[in-house]
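The chain contents come next:
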Amino acid sequence: MSEPLELLENYRAFEGWQKRYRHPSQTLHCPMTYSIYLPPQTNTAKKAPVVYWLSGLTCSDENFSTKAGAQRIAAELGLALVMPDTSPRGDRVPDAEDQAYDLGLGAGFYINATQAPWNHHYQMYDYITKELPTLIEQTFPVTNQRAISGHSMGGHGALMVALKNPGRYLSATAFSPIVNPTQCPWGKKAFSHYLGDDKESWKAWDTTELILSSADADNVPILIDQGTEDSFLKKQLLTENLISASKIKHYPAKIRYQQGYDHSYYFIASFIEEHLRFHAQQFDA
């Protein structure tokens, strides 16, 4: 491996290891951090399949590793967990002029920007689907079996990435995902800056639109949990739009409303075991 890795943190957890690294990203033209959990099976060089976790707006690679409580079940199932950052970062990386939380740093939306000044750094889709998996698979005792999951903006990213790469990701799950970004304020703001005014081009990054254009052979096993008390549900997440699209295309996505749950990591921690078991079933199939 040609790129140097800097180990930032290293913790024993459930007989495995929770680690955090920094590396220079050739795709994003800046240093990037990511966290990784290696289950105990890898202590003897036995390789583990990987679940990638994409976090939401304002988050970093650390939110999931410290709040979700996923390491216990990942250790039991023998799953590696990889948690990238949510955007490129650094003094030279463009940010929103008003430092808004929903554009710029911490808000990469996991797409490839085409518009200046964003396009030089904000190539998160290529980073997530190409550079980072290559780095992980060359560096750690993991297989090339991959699944992907995420929350909110990261839920959008996980579903979109899986749908654009059938076969490369064996399954996708999401908590409170932004499922129709071309139709919600968060998505419209980000896409107009990153992708420009051609709204037709936005559809290539939209889960609902990808479902509507999907072929039967492209079906990826999908599980989505959405809290009924999520304050972003009706205006930003638009879950019903995806349910309607899935019915139109007879797409076998499993979409569940969870009564009383909100948008927080308490929600994620409550159901993360089911999501990891869902991925493990696809790895074992």
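These figures come from a predicted structure and were not determined experimentally.

So, how was this worked out
Residues numbered from 1 in each chain as written. Predicted model: local features only at pLDDT ≥ 70, side-chain atom pairs only at ≥ 80, totals over all residues. Heavy atoms only, no water. Helix = DSSP H or I, 4+ residues; strand = E, 2+ residues; numbered from the N terminus. Buried < 20%, exposed > 50% of the residue type's maximum accessible area, 1.4 Å probe, protein only. Polar contact = N/O pair within 3.5 Å; in protein donor to acceptor, adjacent residues only side chain to side chain. Contact = heavy atoms within 4.5 Å. Core = buried A, V, L, I, M, F, W, Y, C linked by side-chain atoms within 4.5 Å. Salt bridge = Lys/Arg side-chain N within 4 Å of Asp/Glu carboxyl O.

**Concerning the side chain of Asn112**
Here comes step 1: Structurally, the position occupied by Asn112 is in the loop between strand E5 (80–84) and helix H3 (124–139).
Here comes step 2: For Asn112, a relative accessible area of 13% gives the class buried.
Here comes step 3: At 3.1 Å, the side chain of Asn112 forms a polar contact with the side chain of Asp126.
Here comes step 4: When near neighbours in sequence (up to four residues on either side) are disregarded, Asn112 contacts Tyr122, Gln123, Met124, Tyr125, Asp126, Leu195 and Trp205.

**Considerations on the nonpolar core**
Here comes step 1: One finds Tyr34, Phe109, Ile136, Ile148 and Tyr194 to be the most contacted residues of the largest nonpolar core, which totals 66 residues.
Here comes step 2: Leave out the neighbours within four places in its chain, and Ile136 touches Tyr34, Ile36, Tyr52, Val82 and Val142.
Here comes step 3: Core analysis: the next-biggest nonpolar cluster, separate from the first, contains 22 residues, Leu79, Ala147, Phe267 and Phe283 among them.

**Examining the pattern of salt bridges**
As a working rule, side chains carrying opposite charge can pair if their charged atoms are close by.
Here comes step 1: Scanning all chains against the criterion turns up 14 salt bridges.
Here comes step 2: Its salt-bridge partner being Glu6, residue Arg22 comes within 2.8 Å of it at the nearest N-O pair. Residue Arg22 is located in strand E2 (residues 16–25), and its partner Glu6 is located in strand E1 (residues 6–13); the two are separated by 16 residues in the primary sequence.
Here comes step 3: Overall, the relative accessible area of 33% leaves Arg22 in the partly exposed class.
Here comes step 4: Note that Glu273 is salt-bridged to Arg72, the shortest N-O span being 3.2 Å. Here Arg72 lies in helix H2 (residues 71–77) and Glu273 lies in helix H10 (residues 265–284), a separation of 201 residues in the sequence.
Here comes step 5: Assessed through its relative accessible area of 31%, Glu273 is described here as partly exposed.

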